[in-house]
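Residue-level structural notes
What follows is each chain in one-letter form.
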Protein chains: 2
Amino acid sequence: MEIKTKADKQSGLTDKVLKHFYFNDELSCAEVSEHLNKSIPLVAKAISELVADGFVIEQGYAQSSGGRRPLKYSIKPNAMYIVAVAMDQLSVRIGLFDLLNTPAVEVKSFELKLLNNDAALKTLIDYINKYIAGSGIAKENIAGIGIGMPGFINIKEGINYTYLDAGGNLCDYIGEATGLPVFIDNDSSLIALAEQRFGAAKAQKEVMVINLGWGIGLGMIINGKLFRGHDGFAGELSHIPLSEDGALCNCGKQGCLEAEASMLAVAEKAIAGIKEGKISSLKHIIDNPNKLAGDAIMEAANNGDHFAIDLLAEAGYKIGKALAILTHIMNPQTIVLSGRGARVGKILLAPIQQAMNKYCIPRLVGNTELKVSDLGFDAELVGAAVLVMENYNIEKV
Amino acid sequence: MEIKTKADKQSGLTDKVLKHFYFNDELSCAEVSEHLNKSIPLVAKAISELVADGFVIEQGYAQSSGGRRPLKYSIKPNAMYIVAVAMDQLSVRIGLFDLLNTPAVEVKSFELKLLNNDAALKTLIDYINKYIAGSGIAKENIAGIGIGMPGFINIKEGINYTYLDAGGNLCDYIGEATGLPVFIDNDSSLIALAEQRFGAAKAQKEVMVINLGWGIGLGMIINGKLFRGHDGFAGELSHIPLSEDGALCNCGKQGCLEAEASMLAVAEKAIAGIKEGKISSLKHIIDNPNKLAGDAIMEAANNGDHFAIDLLAEAGYKIGKALAILTHIMNPQTIVLSGRGARVGKILLAPIQQAMNKYCIPRLVGNTELKVSDLGFDAELVGAAVLVMENYNIEKV
DNA sequence: CATACTTTTTAAATTTTTTTAAAAAGTTTT
DNA sequence: AAAACTTTTTAAAAAAATTTAAAAAGTATG
């Protein structure tokens, strides 16, 4: 793995070419040259180095389009592996993927409460270490660990202001404890990254991705890149003032979207409804914690339960109103419904679209496509893997 | 003016250096090299060419900071002139500026109704031609004409979908009629450009600029550049749904910000209030058209009229609520109140900030600075000039 | 079915850019 | 006040990237 041509060190072209192969599949030298706006000799050199070092493999000749047949290359799936960790407030999922985003080891999950839990960070690190050790894959072959987590995150400093206080740089801390490079980002941002690189909005430049989880997150892609705002707090869709006198939010304000339309809010409404005597297959959820209730509601809705569907439709309409505002401001090409709640995306789609039609100027709503993610619950894991590869630096190897 | 080194043609560095001098004042060769991330020999060559061609002048030696004194350069103010046109729905202002944004000829304005006026385009062109002819400045010394106008504008095609139909490319059409390069953009976008280049948010990367005119416009600077969205319709702040059952907007919907808080809406409320017997120095406005009423209200408020101040405070609070939403989504460094309404910016500031404090998460509102423009009414003209210079291409001369 | 035209790849020649070195002009320290 | 260190500018050398040309491997056509 010693690649240290002076040329590469400066231009970093080999790196860009490697990433280009990670994000696209079969590509000829000429195509890469075109995409990267670099001359063919330069790209040819970079590719031959990558082939020599086992990052890229030849895939044989493709059909000719009227001339010499192009030799196609693609990423070598097992050249490296990536550890991806996807967290929410209550649980953690962890996976080990190859460069084709195929799981090399079974994805596992475990419960981990972030709020008021001083041991959370240690528990997380232990779990990651055990998972890697049990995978049978050598650390030398792992490019790094990507972690998506809820909370206000400062990427540069590696600090999560909401959870997991490490008294300093979280990446450094976890990195030392695991012996691998670590990269963290907000869960919704990673979901957006996944959708724009491998999902419903692939290669698009202006994309808004809604993370339907226990809360409602927003990941923004602007000009093809993650947008974070001046202080990293952009995308706080869930606390915009939606109604003047709505439910009380845990942020202290009233009428926030999150307090009205998140899965947790829906679960509360469901329990209240059942207690009032609503007929539903959801009767049993009264005794469950809200989290399980959320999952139960989604399942019931997918099975046709009227009460569950009504509750989701009500939430969807409110989300739609918020998306109308978002569309007015951002004029995105696509809005993707992703995250845990994507499994009821089809049910939410109609009321969301209805609200957007009502609250949006026709010109705007007509130009924005509303889609349900097909990455769904895996989006955050894929995003975490992408995060590692975006930061991976072949020259440093 | 024949600058045609092959080097320049390809890299366009001379161009970048010229623009750098336009946007900054005195600068040494070393500083330009630093800012532009180009080697000193390259920058030195570009500067000496610009000096030779009369675009840049030497400004003598500056203080040494411990070594050889740097030779400072600056743009030559009268190397070129720019025609700047600022339109709203009812009137046009036109000016001729040097490269220091100083008027070379008095700024003039005239009435021009855009709505349902087929002759508007011809009238505009006539006026521009007469203005240039009367200025005494030769066309060879004019870099181009920048025009800011209301409406949905497609920059690439040069089409304004709302006003001034030329049956094709407006820039080409006006360009042929005037014999000068023409560039158009939305009025609010140009105001934002002006504020980010020469105004209250100079050199900042994430800036939201509110254009307080007869309507309420928004110009967005993201990552240091104008953001327009996927179809060029981003920044439609004025029609976001703000209240469920508010005033009817001319867009057909209810409760839009524009229908509740624009100068025109304030004027209507003022007239209604006077008729109901409110005490105010504004009694006379009942007979005036809404536009004059708007100006009268602003003047009365600045003179301390209680009724006028109350009306503006009411509007400001609603604008503040919209800015709270905007802040949640965009997390800008600065929000600038600009455009015609900036003259009552101080009066609006308090209620806007009050609403933002109420409706924003503390972390967000604490990080965003709310400012009143000092460019004020001239912002659109400055923005139009900037537009010309951004598109100016020295190699094409 | 050979000739003309495409497209991709390899190689050589330029061009462009940056790095390094040296000179010029000052400031600071002993 | 001379020696040592800074900073800017100019000049020469080296490196990097692109352009041009040529070769290789096809397809289309008269």
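Residues numbered from 1 in each chain as written. Chains lettered and ligands numbered in written order. Predicted model: local features only at pLDDT ≥ 70, side-chain atom pairs only at ≥ 80, totals over all residues. Heavy atoms only, no water.

As recorded in an unreviewed UniProt entry, chain A goes by the name ROK family protein, listed as coming from Mucilaginibacter agri.

Turning to the overall build of chain A, a few remarks are in order. A count of helical and extended segments in chain A gives 14 helices and 15 strands. Expected size for 397 residues packed as a compact globule is a radius of gyration near 21 Å; at 23 Å, chain A falls within 12% of this value. C-alpha atoms of chain A, sized along the principal axes, occupy 70 × 50 × 40 Å. The buried share of chain A, reckoned over its 397 residues, is 57%. For chain A, the exposed area adds up to about 17100 Å²; of that, 49% sits on carbon and sulfur atoms. Here chain A contributes 38 positive and 45 negative side-chain charges, whose respective centroids are spaced 4 Å apart. (Helix = DSSP H or I, 4+ residues; strand = E, 2+ residues; numbered from the N terminus. Rg over C-alpha atoms; globule rule 2.2 N^0.38 Å. Buried < 20%, exposed > 50% of the residue type's maximum accessible area, 1.4 Å probe, protein only. Areas by Shrake-Rupley, 256 points an atom, 1.4 Å probe, with all protein chains shown as cover. Lys, Arg positive; Asp, Glu negative; His and termini not counted. Charge placed at Lys NZ, Arg CZ, Asp CG, Glu CD.)

For the structure shown, the criterion picks out 12 aromatic pairs over all chains. Measuring from ring centre to ring centre gives 5.8 Å for A:F23 and A:F198, while their planes differ by 35°; the resulting arrangement is tilted. Placement of the pair is A:F23 in helix α2 (residues 13–23) and A:F198 in helix α7 (residues 187–198), with a sequence separation of 175 residues. The exposure class of A:F198 is partly exposed, given its relative accessible area of 24%. One aromatic cluster is present, built from ring pairs that chain together A:Y22, A:F23 and A:F198. Between B:R197 and the ring centre of B:F23, over which it is positioned, the NZ or CZ distance is 4.9 Å. One Lys or Arg, B:R363, reaches over the ring of A:F233 and ends 5.3 Å from the middle of that ring. (Phe/Tyr/Trp six-rings, centres within 6.5 Å; stacked < 30°, edge-to-face > 60°. Lys NZ or Arg CZ within 6 Å of the ring centre and 35° of its normal.)

It is worth spelling out unusual backbone geometry at this point. All names here are of chain A. Phi at N101 takes a positive value of approximately 60°, unusual for a residue other than glycine. Along the chain, N101 falls in the loop between β5 (91–98) and β6 (103–111). With a relative accessible area of 17%, N101 lands in the buried category. One non-glycine residue, L164, adopts positive backbone phi at about 55°. You can see L164 is positioned in the loop between β9 (159–160) and α6 (170–178).

Looking now at the relation of the copies chain B and chain A. Of the transformation superimposing chain B on chain A, the axial component is 0.0 Å and the angular component is 180°, with the fit at an RMSD of 0.1 Å. Seen this way, the second copy is the image of the first under a two-fold rotation axis. Take the interface residues of chain B: 100% of them recur as interface residues in chain A, which is what a same-surface contact looks like. (Least-squares fit on C-alpha atoms with pLDDT ≥ 70 in both. Contact = heavy atoms within 4.5 Å.)

With 39 residues of chain B at the contact, the number on the chain A side is 39 residues. Across the interface of chain B and chain A, roughly 3500 Å² is buried in total on both sides, 64% from carbon and sulfur atoms. For chain B, the biggest contributors to the area lost against chain A are B:H230, B:I329 and B:R363; these three give 19% of the whole. In this assembly, chain B and chain A are joined by 0 salt bridges. Our count for the contact surface shared by chain B and chain A stands at 18 residue pairs in polar contact (both at pLDDT 80 or more). Listed by contribution, the elements that provide at least two residues to the side of chain B that touches chain A are β12 (216–222), β13 (225–227), α11 (306–330), α12 (345–359) and α13 (362–367) of chain B. (Buried area = accessible area lost by both parts, 1.4 Å probe. Salt bridge = Lys/Arg side-chain N within 4 Å of Asp/Glu carboxyl O. Polar contact = N/O pair within 3.5 Å; in protein donor to acceptor, adjacent residues only side chain to side chain.)

Moving on to helix α2 (residues 13–23) of chain B. In an α-helix, one turn spans 3.6 residues; hence positions three or four apart end up facing the same way. In terms of burial, α2(B) is largely enclosed, as 10 of its 11 residues are buried. The complete set of buried residues in α2(B) reads B:L13, B:T14, B:D15, B:V17, B:L18, B:K19, B:H20, B:F21, B:Y22 and B:F23.

As a further point, take the packing of helix α3 (residues 29–36) of chain A against helix α4 (residues 40–52) of chain A. To characterise two packed helices, one gives the angle between the axes of the helices and the distance between these axes. Residue and element names in this part refer to chain A. Between α3 and α4, the least distance of the axes is 9 Å, while the angle of their chain directions is 115°. Note on packing geometry: the crossing formed by α3 with α4 is right-handed. Contact with α3, carried on its side by C29, A30, V32 and S33, involves I40, V43, A44 and I47 of α4 and no other residues of that element. In the contact of α3 with α4, the residues fall into 7 nonpolar, 1 polar and no charged. (Axes fitted to C-alpha atoms, helices over the stretch in contact; angles between N-to-C directions. Left-handed = near helix turned anticlockwise from the far one by under 90°. Nonpolar A, V, L, I, M, F, W, Y, C, P; charged D, E, K, R; others polar.)

Moving on, we get to the domain arrangement of chain A. Residue and element names in this part refer to chain A. Taken domain by domain, chain A holds domain 1 (6–78), domain 2 (80–191 + 380–396) and domain 3 (202–374). Each of domain 1 and domain 2 was reduced to a C-alpha centroid, and the two centroids are 29 Å apart. Contacts between domain 1 and domain 2 engage 15 residues on the former and 15 residues on the latter. Around 1300 Å² of area is buried between domain 1 and domain 2 when both sides are counted, 66% of it from carbon and sulfur atoms. Between the two partners, domain 1 and domain 2, sit 0 salt bridges. (Domains from an automatic or database assignment.)

One recurring pattern in soluble globular proteins: nonpolar side chains tend to sit buried together. The biggest cluster of nonpolar side chains holds 107 residues, and the ones touching the most others in it are A:L323, A:M330, B:L323 and B:M330. Ignoring any residue separated from it by four or fewer positions in sequence, one finds A:L323 in contact with A:I210, A:L237, A:I335, A:L337, A:I352, A:M356 and A:L370. Among the nonpolar cores identified, the runner-up in size contains 51 residues, and A:A79, A:A201, A:A379 and A:I394 belong to it. (Core = buried A, V, L, I, M, F, W, Y, C linked by side-chain atoms within 4.5 Å.)

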